[in-house]
Amino acid sequence: MGKPGGALRRTLVNGAVLLLVGLGVQATPELASPAHAGSITLCSGFSDCRSKGYSTGGYESAWGSMYWRMYAGRNCTNYVAYRLIQTGLPNSRPWSGEGNATNWGVALSSLTNRTPTVGSVAWWHSSHPSASRFGHVAIVERVDSDSITISESNYGSDISWRRIGKGSVNYPTGFIHFNDQRLSVTKRPTVEGTAQVGKAVTVNTGSWSPNPNKIRYQWIVDKKPIPGATNKTFRIPGHLAGKQIAAVLTGTRRDYSQAKTMSEILPPIKQGEFKVLKQPTITGTQKVGSTISVGGADYEPSAKIGEVRWYADKTLITRTKSRFLKVPASASGKRIGAVVVGVQEGYRSKGSYAFADTLVGGGKAPQQPAEPPSGTLGQTVAGFVKGGTRLGGLMQVDPGSFSEAVDLSYQWTREETPISGATTEKYHPTEADVGHRLSVTVVARSSSGETLTKTYGPSGRVRVKPSVKVTATGGSGQAEVAVEVTAPGYLPTGTVKITTNGGRTVTKTLSGGAAGVTFVKLPEGEYAVTAAYSGDEVAYWASGGAFTTVS
């Protein structure tokens, strides 16, 4: 095949031959045929398109010049290069090597996908059933739910517009995104409100150009969508305490490619705060051996009983989850008091308190104290772990608050086995942790020697980013592809989707981290091969690619 470039110093006959084999020239009218399944020609020729209201882009007065070193004339590559230059791109081919249309999506594989947008380049590889051996390119003019509309120039046939059904045999191999007609975000959205459990936060829309017809909202945590959180306003639930959230906005507008933007990431979410609307009361006969109870506390929001601490004057009788107490002999002549600790996921625990009206065994109690009973080490604010469980990430435990001054010690564990040297509030998961669950135990010790132990975890499995290596070996009419997926400290499982730029795709299950396939009956040419690994519960999604030549 010829490689266009430089001035054409050839005879008219040689020039015509070169045009037929020139890079990107569509040498057959097959793609433009209105009879081709799923393809409808809307106009054909400069005058016909103008009379029917379809733009010619000014190409009728421009086709005699070369663009991106494509051969001058009425052919697909020169027309598309001309149109892209009109969008502001320079008149310099943005890749090295041949300019045949079949090579566009190969040379620019990083810009090529299966999603059409207005202004993108529709691309047919030479292996496509409706393309010539040189391939084909065109400009996407409109995108509908079931079809695309393109404008194109074929060798010797001026310009034409076609509508192509998305399920038809004539649908392009892919779409190259040079300088599409895109929505743009001119001002990043911000979030109003307090990052605290129980509070509502609201994201504004920011600024766009032009304004989208519709904006979709999705709140995320750890880069993952929060189920159901698809409104501008989001009330933060308890299970997100200590995590960081943000809002992702997706704007859409007809004939434009959609655009996404993300708000700022909020600081770690604080625990919610209870409000005690009503203190509890103690009921029952105040005598040794009788059973008394405490109840009637009212919290906002509602709370469960996490613990009840029973006292006789200032002496702790017991700590329990029960609202009932059998009065012990040690309480004789004393006043019974109780602290009811309200709890809910993501909220700071809060105590409400009550005192009996009489002493045990009889006698009126003195005036009710204004403070709850005390006298034992307790956790007044629950602790939590923040950070992500990924290799090399940062996990950190907030120990919470305690009823008196304490010294704290820490121990991180892997599947309940202590990790050597992991004895601070911070921990970075290592290769040895990949695939395992982590916990941390916090021991609080008061000046009197009393201890209180809290364990947080286990976490989710420590995850890792894998690497995908693709080896593609071309031969006569075929390409042999080998894929290897590796990760530090872990053998990935799952599936890998292997695709050629000719539109052939197979899905293989990894065995020992490897998979392979041989594509046969491939037309001669250069191929881009990609492999997309699906990920599993430990390894994240990843992809890789390679090039090869089929003879």
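Every residue gets a number counted from 1 within its own chain, in the order that chain's sequence is written. Only residues with pLDDT of at least 70 are given local features in this predicted model, and only at 80 or more are side-chain atom pairs given and counted; all residues enter the totals for whole chains, interfaces and linings. Each side-chain value is derived from all of the structure's non-hydrogen atoms; neither hydrogens nor water enter the calculation.

Pulling in residues and values, what's your account of the side chain of Thr56?
One can find Thr56 in the loop between helix H2 (46-51) and helix H3 (76-86). N or O atoms closer than or at 3.5 Å make up a polar contact, with two conditions inside protein: a donor-capable atom paired with an acceptor-capable one, and, for residues adjacent in sequence, both atoms drawn from side chains. Side chain to side chain, Thr56 and Glu60 meet in a polar contact 2.7 Å long. Among residues more than four places away in sequence, those in contact with Thr56 are Phe46, Cys49, Arg50, Tyr79 and Ile159. Secondary structure counts use DSSP, requiring at least four H or I residues in a row for a helix and at least two E residues in a row for a strand, with both numbered from the N terminus. The criterion used for residue contact is that any of the two residues' heavy atoms lie within 4.5 Å.

Please provide a residue-by-residue account of the nonpolar core, values included.
We call a set of buried residues a nonpolar core when its members are Ala, Val, Leu, Ile, Met, Phe, Trp, Tyr or Cys and they connect through side-chain atoms within 4.5 Å of each other. Partly exposed describes any residue whose relative accessible area lies between the buried limit of under 20% and the exposed limit of over 50%, with all areas from a 1.4 Å probe on protein chains only and scaled to the type maximum. Judged by nonpolar contacts, the single largest core of 29 residues is most densely connected at Trp68, Val80, Leu84, Trp104, Val121, Val137 and Phe178. Taken together, the elements giving at least two residues each to this core come down to strand S1 (39-44), H2, H3, helix H4 (101-107), strand S3 (121-124) and strand S4 (136-143). Considering each element in turn, this core owes the most residues, 7 residues, to H3. With sequence-adjacent residues up to four places away left out, Val121 is seen in contact with Val80, Leu84, Trp104, Val137, Ala138, Ile139, Gly174, Phe175, Ile176 and Phe178. Val201, Leu240, Ala247 and Leu266 belong to the second largest nonpolar core, which has 25 residues in total.

Summarise the state of the cysteines; cite the residues concerned and give the values.
In this description, the term disulfide denotes a pair of cysteine sulfurs within 2.5 Å. Counting across every chain of the model gives 1 disulfide. Across the disulfide from Cys43 sits Cys49; the S-S distance is 2.0 Å. Its S-S torsion of about 85 degrees marks the bond between Cys43 and Cys49 as right-handed, since a negative value means left-handed. Considered together, Cys43 and Cys49 belong to a single accessibility category, that of buried residues.

Residues and numbers for the pairing of strand S40 (residues 525-533), please.
Strand pairing is assigned whenever DSSP identifies at least 2 bridges connecting the two strands. In this sheet, S40 lies alongside strand S37 (residues 495-500) in antiparallel orientation, the contact comprising 5 bridges. Bridging across to S40, Val496 finds its partner in Tyr533. Pairing geometry for S40 and strand S41 (residues 542-550), over 9 bridges, is antiparallel. Within the sheet, the bridge partner assigned to Glu526 lies in S41 and is Thr549.

How would you sum up the environment of Gln86? Please name residues and give values.
Within the secondary structure, Gln86 is located in helix H3. On the basis of relative accessibility, which here comes to 48%, the residue Gln86 falls in the partly exposed class. The spacing of Gln86 and Lys508 is 422 residues in sequence and 43 Å in space, taken between C-alpha atoms. Side-chain polar atoms of Gln86 contact the backbone oxygen of Tyr82, separated by 3.1 Å.

Any chance you could break down the sheet that holds strand S14 (residues 233-235) for me, citing the residues and the numbers?
Within the open sheet, the 3 strands sit side by side as S9-S10-S14. Their pairing is antiparallel. A single partner strand is all that each edge strand has here, and the edge strands are strand S9 (191-192) and S14. Where S9 lies against strand S10 (residues 200-203), 2 bridges are found, and the strand directions are antiparallel. Pairing of Val191 across the sheet is with Val203, part of S10.

So what's going on with the sheet that holds strand S24 (residues 336-343)? Residues and values would help.
What the 4 strands build is an open sheet, ordered S22-S21-S24-S25; its pairing is antiparallel. Because the sheet does not close on itself, it has two edges, and the strands there are strand S22 (315-320) and strand S25 (350-355). Taken pair by pair, the neighbouring strands of this sheet meet at an average axis angle of 20 degrees, ignoring direction. When strand S21 (residues 304-312) meets S24, the two strands line up antiparallel, connected through 8 bridges. Paired with Val308 across the bridge in S24 is Val340. Convention adopted: a line fitted to C-alpha atoms gives each axis, helices being fitted over their contacting stretch, and angles between N-to-C directions are expressed from 0 to 180 degrees.

Please give an account of the pattern of salt bridges that cites residues and values.
Opposite charge on two side chains allows them to pair when their charged atoms are near. Each salt bridge in this description consists of a side-chain nitrogen of Lys or Arg and a carboxyl oxygen of Asp or Glu lying within 4 Å of one another. Within the structure shown, the criterion is met by 12 salt bridges. One salt bridge connects Glu307 with Arg319, and the closest N-O pair in it is separated by 2.9 Å. Note that Glu307 is positioned in strand S21 and Arg319 in strand S22, a separation of 12 residues in sequence. Looking at Arg319, the relative accessible area reads 31%, which means it is partly exposed. The salt bridge partner of Glu537 is Arg461, with a shortest N-O separation of 3.6 Å. Note that Glu537 is positioned in the loop between S40 and S41 and Arg461 in the loop between strand S34 (451-456) and strand S35 (467-474), a separation of 76 residues in sequence. Among the residues examined, Glu537 registers a relative accessible area of 54% and is labelled exposed. Residues joined in a network through salt bridges with shared partners are Glu307, Arg309 and Arg319.

Describe the packing of aromatic side chains, naming the residues involved and giving the relevant values.
Only Phe, Tyr and Trp rings take part, Trp by its six-membered ring, and two of them pair if their centres are within 6.5 Å. Stacked means planes under 30 degrees apart, edge-to-face means over 60, and tilted covers everything else. Here the structure, examined in full by the defined rule, presents 15 aromatic pairs. With a centroid separation of 5.2 Å and an interplanar angle of 65 degrees, the aromatic rings of Trp95 and Trp104 are classed as edge-to-face. You'll find Trp95 and Trp104 in the same group, each marked buried. A ring pair is formed by Trp219 and Phe234, whose centres lie 5.8 Å apart and whose planes are at 25 degrees; its orientation type is stacked. You can see Trp219 sitting in strand S12 (residues 214-221) and its partner Phe234 sitting in strand S14, a full 15 residues away along the chain. Grouping residues by exposure puts Trp219 and Phe234 together as buried.

Break down H3 for me, with residues and values.
Counting buried positions along H3 yields 10 of 11 residues, so the element is predominantly enclosed. When H3 is considered as a whole, its buried residues turn out to be Cys76, Thr77, Asn78, Tyr79, Val80, Ala81, Tyr82, Arg83, Leu84 and Ile85. In the core, the buried residues of H3 are packed alongside H4, S3, S4 and strand S5 (147-152). Positive phi appears at Gly88, one or two residues downstream of H3, with a value of about 115 degrees.

Outline the side chain of Thr102, supporting the account with residue identities and numerical values.
As for its position among the elements, Thr102 is in helix H4. Relative accessible area serves as the criterion here: at 9%, Thr102 is assigned to the buried category. Leaving out residues up to four positions away in the same chain, Thr102 has contacts with Trp123, Trp124, His125, Ser126, Phe134 and Gly135.

If you had to explain unusual backbone geometry to someone new, which residues and values would you point to?
Glycine aside, the phi torsion of most residues is negative, and most peptide linkages are trans. Between Ser209 and the following residue, Pro210, the backbone shows a cis peptide bond with an omega angle of -15 degrees. The residue Pro210 is located in the loop between strand S11 (207-209) and S12 in this model. A cis amide bond, omega 5 degrees, links Gly457 with the succeeding residue Pro458. Even without a glycine there, the phi angle at Trp68 is positive, about 55 degrees. Note that Trp68 resides in the loop between H2 and H3. Take Trp68: its relative accessible area is 1%, and that puts it in the buried class. Phi at Glu415 is positive, roughly 50 degrees, even though this residue is not glycine.

Function-wise, these values are silent; they only describe arrangement.
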